[in-house]
Amino acid sequence: MKAVWGVSTPEPRSTTLFPSLYQEPSVTSQIPASSPAAIEATGVSKHFGGVHALKDVSIRIDSGTCHAIVGANGAGKSTLMKVLAGLYSPNEGQVLVSGQPLSGGTVASKAAGIALVHQELSLCPDLTVAENICVGTTPTKHGLVDRKAMRSIAAALCARLGVNIDPDTLVGQLPATLQQFVEIAKALRLDPQILILDEPTASLTPQETDQLLELLESLRDQGVTIVYISHRLREIFELCSRATVLRDGRLVEHLDLAETTTDRLVESMVGQKLLDQEQHEREEKTDSFGEVVLSVDNLWAPGVFGTSLEVRAGEVLGLGGLMGSGRSELVRAILGLEPRSRGSVTLSYDGHRRTISSYRSAVRSGVAFVPEDRRTEGVLLARSVRENLALPSLTALSRFGQIRTKALKKMATGLAGEVNLRPANTSATVKLLSGGNQQKVAFGRWLPTNPRLFVLDEPTAGVDVGAKAEIHELVRNLTAKGTAVIVVSSDLEELLSLSDRIAVLRDGTITGELSAAEADQQAIVRLGTHHDTTHQRKEAAHV
Amino acid sequence: MSDTQIAPAGKVAPYVPPLRRKFDENPTAIVVTGALIALLLFAAVGLDGFWSAQNLGTLLRNSAFLGFVALAMTFVVVSGLIIDLSVVPQIALAAIVVIALSPHGIAVAAPAAILACLGFAIVNGIGAGLMRGNGVIVTLATATAGMGVLNYITGGAQYSGNTTLLSWIGNASVAGIPVVFLIFAVVAVLAHNLLSATSFGYSLRATGTNRGAARIAGLNTTRTLTLTFAVSSLGAAAAGMALAGYSSSAVSTMSAGYDFNALAAVVIGGTSLFGGRGSILGTVLGVAFVQVLLSVLSLAGLPFQWQQFVQGFIIVATLAADAILRRRGGLK
C-alpha cells in the first residue's frame, strides 16, 4: 500500500534514517479523512533530461490552511510548487485540485483558482501598479482599456491587503516590499482559492516580513489555502500548521508543526547520513596551521555587509549558508571582482604584505580562483585544453613574447597527469569534456603559478561522484603544501569533509564560525536560516 | 608508423583525408578558394586584359593596400570587437601627415604618421577596453569625430609631395612583383606569427572567445584590447603611407570604403564575427578574392554602384554559408 498522506506506512529505508520518528509517534498523526483537500498530489515525479527533480512525492494540502514546503537548496521545493500550480506537468503521478485532475498550463491553473507568486518578481517596472495588477485581464469598455475600472480594481485589492499604494505609481518607483505586495495583489486579482508563494520574504526586512505574515494570516482566515516556501524557519512556525519536508527530490515526511521543534525540522531537512564518516575525517584533522595568509577586515561590497575573516597557510576555510546568503558575493569582493565600498584585504606570506585592490593584483600576488559558473567563467569552452591550461602562465611560458610551444606541451601534459584528466589529450576542445574534467582544467591551470591562496566557489557543482572525490583529493594536496584555501559550497557534506573551519553566512554577514570538531549539518543550517529568539520562546511554550 | 595516433582503448580514430580535415576546420576558406579559382578561370577565358602585366600589377598593388588594413582588422575581429571603423580617417591621416612632412624626410614623416594613428588606438582602447563600450559604436564615434577634424584642418585640400623611399615602395617592382606586395607578404607572415604563436595572440584569442572567462584566468583584457586597436592603427598607417607613396598625393576622402572592404576580406577568409577564431591565411585569401572580384567586375564594365551591391551581397552570402557549413559540421 502506498502512503498518500503522512508517513504512517514509511518505507523501510526511512526507518533507518529517522529512528526518532518512532520515538515521536505524534508527528505522524493522521488528519481526519473527512477534511477537504484543496490540492492533492499522488506519486508525482518530474525529471528534466536525466536529472530527477522530484521522485514519487505525494502531498495533501487541506483547504483553508497554511502549508509549508521545506528542504535544503535543490531539494525540489520550487519544482513541486510549479507542479502543484500546473506550470509543469509531472512525468508520473497526478495532481487533483478540489478533487478534479489539473491539466497543465497557466490558463487551466487560473481557471482552477490557483495563483503563484514566483521567487523572482514578475512585474514590469515601467508600468503603473494598476496596469501591473491587471496585466492579462485588463478591463475594457467599447474595445478600449477602461482605466477607471482598472484603478478601482487595483485600489480594492490594495485595500484588501491593507496597504496604501497609489494605483498610478510606477512599480519601479516602489520599494521592494511594496513591489512584493503588488505581486501578491496581482496574484489575488482572479480571486484564487489557492495561493502559492515561493520565498516571498527573501527581499524583506523583519518588520516588512511581519506585515506580510499578518496579511497571509488574514487571507487564510478568509478561506484561502496558502502553500508557503521559505528558508526562514521562524516564518514557517508562525504561519503554517503543517510542513512537508523534501530532500534530494524525495518526500521525507509530513510534520505537524505545533508538535515539532526547530532542531527536529532541521534534522529532517538535512538528514543524518554519513555522520560517522564525517566524524572520522574530522578526527584526522589537526588545528596547527601556518601564518595568516589572508586577512579581510570589515569588508563592505554589494551584498556583503561588514565582514572580517582570516585564513592560515594550510587551512581550509569553508563558507556555508543558503543560496543568496552572500557567499559568492563575499569571495568575489575579496578577490576584487566586485567593487568594494569599505574594508581592506591583505595577503601576507614570506614576510611580505600585499594589498589586494583588484582582481589582477590578487592574481599577481598569488591568488587562484575557480568560479562558480564553470561554463561562462571557469573555462573557455571553445578552446583546447592546452590553451586553457596555458592562460595563467603565459608570461612564464613565453620568451620575447613568443610562446615556447615545447614548454607549453610539456606543462599541459604534466598538468593533465597531475589532475588525472580524461581523456588526457590536451589538444581536445574543452567543450567536449565532461563537467568533472572541465572543472579539473579550471583547477589545474593554476597549479604552475604556485598559488598561496586558492578560492573555490562550488568546486564540484554538477560533477560526478568520481571526479568529485578526485577534486577533493587535489584540495587536500594543496593544503599539505601549505596553500590557504577558501571553499564555498552548498553541499554540506562537501563543506564538512573539506573544511578545517566553517564560517556560515546569512544576509551578507557571517553569523557564526564552527571549528571542525563542533561543525555538523544541523549547526550549519541553524546558523544559515532565520529563526530568532522569539520563536524559541514560542517553541518553549509549545513543549 | 611514427605518426600513428594512439587512440583510447578499443577505439581507432577514423581516417580523415587532409582536405576534408581542412574543410572541417575552416569550411569557408575552402569554398572561397574554389570560388577564387573559378573566378580566375572565368577571367582568363571571358575577359580581355585581365592577365595583362599592367592589370596584374595593379591587382597586386591594390591587394597590398587593402591587405595591410585587412591583416590588422583580423586581430580586431578575433578580439570580439567586430570592426574598427576608425581605420578610414586613420588611413587618410597617415597619408596626409607623411606627405605634409615629406620635406623633412621619411625618418620624421613616417614616425609622425604612425604616432598620429596610435592616438586613435588610445581613445578606442579607453572606450571599448577600459569602459567596456561596444567596439562598433566606439570606433564609429572616433571615425566620425576623426574625419570631422581631418576635414576641418585640411579643408578638403589635396596634399602633394613624396620621398624617394615611399615612391619606390609604392611604384617599383622587383622581378615583376610590386615591392609593396612583397612587403605585404612579409607583414602577413609576421601577423600570422603574432596571432598564433605569441603571448599576445593567446591572450587575444582567449579574450575574443570569452572576455569574462579570460579575465578570471588572470589575463589583462583591457591591455589586450588596447593593443589590438594599436595593431589596427599600424595596419591603417601602413596602408596610408603606401597609398601616399604610390600616388604622391593625399586627401581626406581617399580612404572611403576601406573599413568595409577589409571586413569583407576577413569574413570571407573564415574569421568568425563572434570572436576568438580566425586565420591570417584566410584573410590573405579573402583579400585576393575581394580584389580579383573588383577587378573582374570593373573589367566587365559593371557600373560602380553595382560593384558595391555585389560586394555587400558577397558578405551576407559568406556569413550565411559560414553559419550553415559550421552548423552542419557541428562546430558551432
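Look above for the structure.
These lines cover the structure that appears in this document, whether it is placed above or below. (Residues numbered from 1 in each chain as written. Chains lettered and ligands numbered in written order. Predicted model: local features only at pLDDT ≥ 70, side-chain atom pairs only at ≥ 80, totals over all residues.)

1. Quick look at the overall build of chain A
Helix and strand content of chain A: 22 helices and 24 strands. A total of 543 residues make up chain A; the buried ones form 45% of that total. Contacts in chain A between residues far apart in sequence, at least 24 positions, make up 68% of those at least 6 positions apart. (Helix = DSSP H or I, 4+ residues; strand = E, 2+ residues; numbered from the N terminus. Buried ≥ 20, exposed ≤ 12 C-beta atoms within 10 Å, placed from the backbone. Contact = placed C-beta atoms within 7 Å.)

2. Description of the interface of chain B and chain A
With 19 residues of chain B at the contact, the number on the chain A side is 24 residues. A total of six residues in the side of chain B that touches chain A trace back to one element, the largest contributor, which is helix H9 (residues 199–209) of chain B. The residue makeup of the side of chain B that touches chain A, split by class, is nine nonpolar, nine polar and one charged. (Nonpolar A, V, L, I, M, F, W, Y, C, P; charged D, E, K, R; others polar.)

3. Remarks on helix H7 (residues 176–188) of chain A
Residue and element names in this part refer to chain A. When the terminal C-alpha atoms of H7 are compared, their 19 Å separation across 13 residues agrees well with the 18 Å that a helix rising 1.5 Å per residue should span. Taken together, the buried positions of H7 are occupied by Gln179, Gln180, Phe181, Val182, Glu183, Ile184, Ala185, Lys186 and Ala187. Residues of H7 that are buried in the fold lie against strand S6 (114–117), helix H5 (129–133), helix H6 (147–161), strand S9 (194–198) and helix H8 (206–221). (Expected span 1.5 Å × (residues − 1).)

4. Description of the sheet that holds strand S18 (residues 367–370) of chain A
Residue and element names in this part refer to chain A. Taken in spatial order, the six strands line up as S18-S21-S22-S15-S23-S24 in an open sheet, and their pairing is mixed. Where the open sheet ends on each side, the last strands, each with one partner, are S18 and strand S24 (509–515). The average undirected angle you get between the axes of adjacent strands in this sheet is 15 degrees. Judged from the four bridges that link them, strand S15 (residues 316–320) and strand S23 (residues 501–506) form a sheet pairing that is parallel. (Pairing = 2+ DSSP bridges. Axes fitted to C-alpha atoms, helices over the stretch in contact; angles between N-to-C directions.)

5. What to know about the nonpolar core
Counting 159 residues, the largest nonpolar core has A:Leu84, A:Ile196, A:Tyr228, A:Ile236 and A:Val455 as its most contacted members. Among the domains, domain 1 (1–112 + 225–273) and domain 2 (275–533) of chain A are the pair contributing at least three residues each to this core. Among all residues touching A:Val455, those that are not within four sequence positions of it are A:Val331, A:Leu335, A:Val367, A:Ala368, A:Phe369 and A:Ile486. Judged by nonpolar contacts, the second largest core, of 82 residues, contains B:Ile91, B:Ile96, B:Ile169 and B:Val180. (Core = buried A, V, L, I, M, F, W, Y, C linked by C-beta atoms within 7 Å. Domains from an automatic or database assignment.)

6. Here we look at the packing of helix H7 (residues 164–171) of chain B against helix H8 (residues 179–197) of chain B
All names here are of chain B. Close contact between H7 and H8 brings their axes to 5 Å; oriented N to C, the two are set at 85 degrees. Taken together, the axes of H7 and H8 lie roughly perpendicular to each other. Listed contacts from H8 to Trp168, Ile169 and Gly170 of H7 are Val179, Val180 and Ile183. Classifying every residue of the contact of H7 with H8 gives five nonpolar, one polar and no charged. (Parallel < 35°, antiparallel > 145°, perpendicular 65-115°, else oblique.)

7. So, the pairing of S6(A)
Residues and elements named next belong to chain A. Burial along S6 is two-sided: the residues Ile114 and Leu116 and Ala115 and Val117 are all buried. Bridge count between S6 and S9: four bridges; the pairing is parallel. Bridge pairing in S9 links Leu116 to Ile196.

8. A few points about the environment of B:Leu60
Residues and elements named next belong to chain B. Tracing the backbone shows Leu60 in helix H3 (residues 53–78). When the 21 C-beta atoms within 10 Å are taken as the criterion, Leu60 is described as buried. Separated by 232 residues in sequence, Leu60 and Val292 place their C-alpha atoms 9.4 Å apart. Contacts of Leu60, omitting those with residues within four sequence positions, involve Ile177, Pro178 and Phe181.

9. Considerations on the packing of H3(B) against helix H11 (residues 221–247) of chain B
All names here are of chain B. Contact pair H3 / H11: the axes reach a minimum separation of 7 Å and the direction vectors enclose 170 degrees. For the element pair H3 / H11, the angle class is roughly antiparallel. Between H3 and H11, the residues in contact are Arg61, Ala64, Phe65, Phe68, Val69, Leu71, Ala72, Met73, Phe75 and Val76 and Thr228, Val231, Ser232, Leu234, Gly235, Ala236, Ala238, Ala239, Ala242, Leu243 and Tyr246, respectively. Grouping the constituent residues of the contact of H3 with H11 by class yields 17 nonpolar, three polar and one charged.

10. Looking at the environment of A:Leu433
Residue and element names in this part refer to chain A. The residue Leu433 is located in the loop between helix H17 (405–418) and helix H18 (435–444) in this model. When the 21 C-beta atoms within 10 Å are taken as the criterion, Leu433 is described as buried. The spacing of Leu433 and Arg375 is 58 residues in sequence and 11 Å in space, taken between C-alpha atoms. Ignoring sequence-local partners within four residues, the contact set of Leu433 consists of Ala428 and Gln438.

11. A short note on helix H12 (residues 327–334) of chain A
Residue and element names in this part refer to chain A. Here H12 lies mainly inside the structure; eight of its eight residues are buried. Along H12, the positions that sit buried rather than exposed are Arg327, Ser328, Glu329, Leu330, Val331, Arg332, Ala333 and Ile334. Of the residues one or two after H12, Gly336 is the one with positive phi, at around 85 degrees.

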